[in-house]
Amino acid sequence: MQIFKQDNPFNAFMSRIGDLAMVNVAWAVCCIPIVTIGASTAAMYEVVRAMHEGRDAHVLKQFGRAFTRRFGVSLALEAIAAAFAALATFDLWYLTKQETNVSMASLAYGVIIAIAIVVVAGAGFVFPLTSRSKLTVGAQIRQSFAVALRYPVVALEILVLNALPFAIAVFVPGGLFPAVFFWALLFTAASAWLVIHLMLQSGIIALPAKPAEAAEAAEPDNAE
């Protein structure tokens, strides 16, 4: 029977879940120092991308190598993201404390939140592409916004995936614990897997050619 075969779909699915869980836990542990969140996130995306390419052996070793690759760039990108988040939070706090006109405060709130959504959506491709990129920090950010402008639907889908745990934690009663628990255990890597899947489906990135396909593509076309 198919279910007893080692390579049956159920075993393949459970193996993939186990790999994602290991990567997710590695990501969560490496995020603990705070300053390594960027490098840990870039490494997670690199390993998940390798899974899509069929290179799913030794995922923890792959994570360790990817974690140190372009560490300085990941750190700089994280610092920029943290500065933007701090500025947006300060602006909202300042409006709450200083603006007495409710209508003006609501308008300013809406403008700040809209800008934040646009920026986060535009930056959604930064860490998925960082590990294999050779671009500088500024060029990496510009590339992400250029991709978001070209593929706005994918950018919006990635934004929703990234915002989901925060929305659950804030708006769902008692949602903080399940959001922290499940996203620290599995769902962060699962979301990263979906992000890479969306990028592959839309043609933003591509799987490497298999040896046979590469050899066939290299052969001259003899047709008249």
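A. Molecular detail of the layout of surface pockets. Of the pockets and cavities examined, the second largest pocket occupies roughly 160 Å³. Lining the second largest pocket we find I117, V118, A121, G122, F145, A148, L149, P152, A155, L156 and L159. Counting residues per element, the ones that place at least two in the lining of the second largest pocket are α5 (102-122), α7 (137-150) and α8 (152-171). Here the lining of the second largest pocket is built from residues that sort into 10 nonpolar, one polar and no charged.

B. Examining the environment of W193 more closely. With respect to the element layout, W193 can be found in helix α9 (residues 176-202). For W193, a relative accessible area of 24% translates into the label partly exposed. Residues contacting W193, with those up to four places away along its chain left out, are R16, L20, V48 and H52.

C. Structural view of the packing of helix α2 (residues 37-52) against helix α3 (residues 59-68). Here α2 crosses α3 at 135°, and the two axes come no closer than 8 Å. For the element pair α2 / α3, the angle class is oblique. Where α2 crosses over α3, the two elements pack in a sense that is right-handed. On the side of α2, the interface is formed by A39, S40, A43, M44, E46, V47, A50 and M51, while α3 contributes V59, Q62, F63, A66 and F67. Tallied by class, residues from the contact of α2 with α3 come to 10 nonpolar, two polar and one charged.

D. Representation of the side chain of D19. In this fold, D19 is placed in helix α1 (residues 9-30). R16 provides the closest opposite charge to the buried, unpaired D19, separated from it by 4.8 Å. Residues contacting D19, with those up to four places away along its chain left out, are M51, D56 and V59.

E. Region of the structure containing the environment of A66. When you line up the elements, A66 lands in helix α3. The buried category is assigned to A66, whose relative accessible area is 1%.

F. Structural view of the nonpolar core. Counting residues in hydrophobic clusters, the biggest one holds 38 residues, and the most contacted among them are V23, M44, Y45, F63, F125, M199 and I204. The set of elements that each furnish at least two residues to this core consists of α1, α2, α3, α4 (71-98), α6 (126-130), α7, α8 and α9. Considering each element in turn, this core owes the most residues, eight residues, to α2. Ignoring sequence-local partners within four residues, the contact set of F125 consists of S144, V147, A148, V154, A155, I158, M199 and I204.

Definitions and cut-offs
- Residue indices begin from 1 for each chain and proceed along its sequence in written order.
- Local features are withheld for residues below a pLDDT of 70 in this predicted model, meaning they are given only at 70 or higher, and side-chain atom pairs are given and counted only at 80 or more; totals for whole chains, interfaces and linings count all residues.
- Water and hydrogen atoms were dropped before computing side-chain values, which therefore reflect all heavy atoms in the structure.
- In the cavity and pocket records, a cavity denotes points on a 1 Å grid over the protein atoms alone where a 1.4 Å probe fits but cannot get out, a pocket denotes an open set with protein on both sides within 12 Å along at least 5 of 7 lines, and lining residues are residues with an atom within 4 Å of a point.
- Grid points are joined across faces, edges and corners, and a volume is the space filled by probe spheres set on the points.
- Helix numbers and strand numbers start at the N terminus; a helix is a DSSP run of H or I with at least 4 residues, a strand a run of E with at least 2.
- Under the convention adopted here, Pro, Cys and the residues Ala, Val, Leu, Ile, Met, Phe, Trp and Tyr are nonpolar, Asp, Glu, Lys and Arg are charged, and Gly plus all remaining residues are polar.
- Classification of residues uses two cut-offs on accessible area relative to the type maximum, computed with a 1.4 Å probe and protein chains only: under 20% is buried, over 50% is exposed, and between them is partly exposed.
- In this analysis, two residues are considered to be in contact whenever any of their non-hydrogen atoms come within 4.5 Å of each other.
- Here the axes come from fitting lines to C-alpha atoms, over the contacting stretch only for helices, and the angles between their N-to-C directions go from 0 to 180 degrees.
- Angular relationships are summarised with four words: roughly parallel below 35 degrees, roughly antiparallel beyond 145, roughly perpendicular across 65 to 115, and oblique for the angles in between.
- Rotating anticlockwise by less than a right angle from the far helix to the near helix defines a left-handed crossing, while the corresponding clockwise rotation defines a right-handed one.
- We treat Lys and Arg as the positive residues and Asp and Glu as the negative residues; His and chain ends play no part in the count.
- By definition here, a salt bridge exists when the distance from a side-chain nitrogen of Lys or Arg to a carboxyl oxygen of Asp or Glu is within 4 Å.
- Put simply, buried Ala, Val, Leu, Ile, Met, Phe, Trp, Tyr and Cys residues joined by side-chain atoms within 4.5 Å make one nonpolar core.

Shape is all these values report; function is a separate question.
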